[in-house]
Amino acid sequence: MTGVRVLVGTKKGAFILTSDGKREKWDVNGPHFAGWEMYHLKGSPADPNRLYASQTSGWFGQLIQRSNDGGQTWEPVGNQFTYDGVPGTHQWYDGSLKPWEFKRVWHLEPSLNDPDDVYAGVEDAALFRSKDGGQTWQELAGLREHGSGPSWQPGAGGMCLHTIILDPSNRERIFIAISAAGAFRSDDAGQTWRPINRGLKSEGIPDPNAEVGHCVHHVAMHPSRPGVLFMQKHWDVMRSDDAGDSWHEISGNLPTDFGFVIDIHAHEPETVYVVPIKSDSEHFVHDGKLRVYRSRTGGNEWEALTKGLPQRDCYLNVLRDAMAIDTLDSCGVYFGTSGGQVYASNNAGDSWSPIVRDLPPVLSVEVQTLP
Amino acid sequence: MIRVVLPTHLRTLARVGREVQIEVEGRVTQASILDALEASYPMLRGTMRDHTTHQRRPFVRFFAGQQDLSHDPPDTPLPEVVATGSEPFLVVGAMAGG
């Protein structure tokens with residue numbers, strides 16, 4: 001029977017939430033890897049039972065876990081992330097130059113065609129790839145060695161490569177985003193890269209229109225229109241209609257255009273979701289109300305989605321990888337909060353209900369639509 | 001036979017109990033114990049020391065014979081009580097955090 005599997009990474013373990021196609025009753029399984037920070041879990045589009053998970057700890061470092069049975073059992077695979085060659089330096093907060101140093105994996109992106117082929121976005125920012133199911137990892141060093149690399153600097157959360165988008169219509173094209181360097185695109189399967197930040201304006205950097213240095217929080221693409229990208233930047237919600245060559249702002253009537261998540265309806269490529277956060281100094285929702293905003297016009301005109309969400313005394317955050325969309329006919333939308341709630345909508349955001357309320361702070365949410 | 005006590009998270013990862021026993025060839029040192037431990041339990045590679053440099057992770061400590069040996073050179077012979085197996089070599093997750 002058709003159903004969904006929601007993969008939740010939290011600060012103290014991973015949880016797997018499953019339901020049938022109605023998405024009204026849920027089974028909660030976990031914690032997996034109790035006590036560890038689970039930055040991200042994601043399933044292979046080519047084999048939904050193949051899952052990858054990033055498990056990390058300030059004490060014991062980075063591990064990658066792999067499952068071949070949809071998360072019932074796991075096995076640790078390779079955790080050696082070695083930068084290619086002499087990695088050089090990047091900017092540090094105090095203006096000094098700091099050598100690149102691997103810290104953790106923020107995002108895992110299995111390839112569209114091969115369950116053993118998976119990309120990892122890491123801190124300090126770099127892109128790695130494994131072609132053997134996570135046993136060994138090789139850096140795609142052309143990104144870090146892009147001429148702008150020495151000028152990159154960390155955002156408050158670290159200098160992380162947090163977004164990886166594989167173009168389903170062109171195997172050679174990859175989009176990535178780094179905080180706080182910006183978005184980049186490769187048209188040769190990751191060998192060479194160029195920044196795609198024209199049109200972004202960031203008042204917090206010396207040249208607001210700089211080629212790199214922008215704090216991009218997340219980027220989303222609908223698979224049917226790989227040339228159209230939506231971006232939640234530190235401030236500003238942006239759109240590109242030319243695969244990132246240029247961007248224009250679509251924040252429109254949002255109550256605040258700061259935020260982290262952005263995602264797209266599975267069947268309506270012009271329907272976009274964000275969760276506005278009050279500001280970069282107050283990482284909680286605006287007016288004490290948890291509201292998802294939806295645009296059905298590809299941006300600029302946004303409506304608040306509030307049914308089932310707390311509308312008073314709410315001071316939560318929703319982090320960049322903590323929203324996901326299923327592909328059932330009535331599109332499901334999911335997001336997790338800093339307060340440990342995972343909310344689900346089985347009607348494209350018209351109404352919401354919590355799947356769970358009291359998990360550890362949520363770092364990431366992904367969903368698999370199962371046959 | 002060398003006795004090694006692992007911290008909780010590494011026991012879970014290696015799917016072992018509180019204490020494991022390993023054979024160490026040659027001199028018994030931090031390095032030779034960790035080499036043998038990682039050979040028996042490959043999933044522990046990178047969790048106690050760096051894969052390449054073998055530098056100890058900052059919040060991992062090594063105790064034995066009621067001494068903190070964390071800052072000793074890795075090839076320093078360990079106390080006789082560890083080499084004879086009368087006391088364990090302790091891998092400790094440092095008390096840190098709030």
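Here, residues in each chain are numbered from 1, in the same order as that chain's written sequence. Whichever chain is written first is A, and whichever ligand is written first is 1; the rest continue in order. A pLDDT threshold of at least 70 governs which residues receive local features in this predicted model, and a stricter bar of 80 or more applies before side-chain atom pairs are shown or counted, although totals over entire chains, interfaces and linings include all residues.

(A) Geometry of the overall build of chain B. Runs of E in the DSSP output that reach at least two residues are strands. Runs of H or I that reach at least four are helices, and both are numbered from the N terminus. Scanning chain B from N- to C-terminus turns up 3 helices and 5 strands. Beginning at the N terminus, the succession of helices and strands in chain B can be written as β-α-β-α-β-β-α-β. Taken over C-alpha atoms, the radius of gyration comes to 12 Å for chain B, in line with the 13 Å a tight globule of 98 residues would show. Dimensions of chain B, computed from the C-alpha atoms along their principal axes, are close to 35 × 25 × 25 Å. Counting other C-beta atoms within 10 Å of its own, a residue is labelled buried from 20 upward, exposed at 12 or fewer, and partly exposed in the gap between, with every C-beta atom placed from the backbone. Split into buried and exposed, the 98 residues of chain B put 30% on the buried side. Note that the radius of gyration is over C-alpha atoms, with the globule rule given as 2.2 Å times the number of residues to the power 0.38.

(B) Inspection of the nonpolar core at higher detail. The nonpolar core is taken to be a set of buried Ala, Val, Leu, Ile, Met, Phe, Trp, Tyr and Cys residues joined by way of C-beta atoms within 7 Å. Membership of the largest hydrophobic core comes to 107 residues, with the highest contact counts inside it found for V8, I176, Y334, V342 and V365 of chain A. For every residue pair, C-beta atoms are placed from the backbone, and the pair is scored as a contact if these atoms sit within 7 Å. Setting aside residues up to four positions removed in sequence, V365 of chain A forms contacts with V6, V8, A322, M323, A324, Y334, F335, G336 and V342 of chain A. Listed in part, the 22 residues of the second largest apolar core include L13, A64, L69 and V91 of chain B.

(C) View of the sheet that holds strand β25 (residues 303–305) of chain A. Residues and elements named next belong to chain A. At least two bridges found by DSSP between two strands is the condition for calling them paired. Read across the sheet, 4 strands follow the order β22-β23-β24-β25 without closing on themselves; strand pairing throughout is antiparallel. Where the open sheet ends on each side, the last strands, each with one partner, are β22 (258–264) and β25. On average, adjacent strands in this sheet sit at an angle of 30° to one another, irrespective of strand direction. Pairing between β22 and strand β23 (residues 272–277): 5 bridges, direction antiparallel. In the strand pairing of β23, D263 is matched with Y273. To define axes, lines are fitted to C-alpha atoms, for helices over the stretch in contact only, and angles between the resulting N-to-C directions are given on a 0 to 180 degree scale.

(D) Fine view of the confidence of the model for chain B. All names here are of chain B. Residue-level confidence of the predictor, termed pLDDT, takes values from 0 up to 100. Residue-level pLDDT values for chain B average 95, and 97% of them are 70 or greater. When pLDDT is averaged over each helix and strand of chain B, the minimum, 94, is found for strand β4 (residues 67–68) and the maximum, 98, for strand β1 (residues 2–5). In the predicted assembly, ipTM is 0.94 and pTM is 0.97.

(E) Representation of the sheet that holds strand β7 (residues 75–76) of chain A in the model. Residues and elements named next belong to chain A. Taken in spatial order, the 4 strands line up as β4-β5-β6-β7 in an open sheet, and their pairing is antiparallel. Either end of the sheet is taken by a strand with one partner, and the two such strands are β4 (37–43) and β7. Taken together, the 2 bridges between strand β6 (residues 61–67) and β7 define a ladder with antiparallel strand orientation. When the sheet's bridge partners are listed, R66 is paired in β7 with E75.

(F) Summary view of unusual backbone geometry. Residues and elements named next belong to chain A. Cis peptide bonds are those with omega within 30 degrees of zero, and the linkage from G30 to P31 qualifies with 0°. Among the structural elements, P31 can be located in strand β3 (residues 27–32). Between S179 and A180 the backbone carries a cis peptide bond, its omega angle lying at 0°. Secondary-structure assignment places A180 in the loop between β15 (174–179) and β16 (182–186).

(G) Fine view of the interface of chain B and chain A. Taken together, the contact between chain B and chain A spans 12 residues of the former and 12 residues of the latter. The residue makeup of the side of chain B that touches chain A, split by class, is 5 nonpolar, 6 polar and 1 charged. All residues other than Ala, Val, Leu, Ile, Met, Phe, Trp, Tyr, Cys, Pro, Asp, Glu, Lys and Arg, Gly among them, are scored as polar; the first ten of these are nonpolar and the last four charged.

(H) Seen up close, the environment of E80 of chain B. Residue and element names in this part refer to chain B. When you line up the elements, E80 lands in helix α3 (residues 80–83). Residue class for E80 comes out exposed when judged on the 11 C-beta atoms lying within 10 Å of it. A C-alpha to C-alpha distance of 8.9 Å links E80 and V28, two positions 52 residues apart in sequence.

(I) Spotlight on helix α2 (residues 30–40) of chain B. Residues and elements named next belong to chain B. Listed in full, the buried residues belonging to α2 are Q30, I33, L34 and L37. Seen from one end, α2 has its buried residues packed into an arc of 95°, which puts them on one side. Buried positions along α2 lie against β1, β2 (19–22), β3 (60–64) and β5 (89–93). Arc definition: directions from the helix axis to the C-beta atoms.

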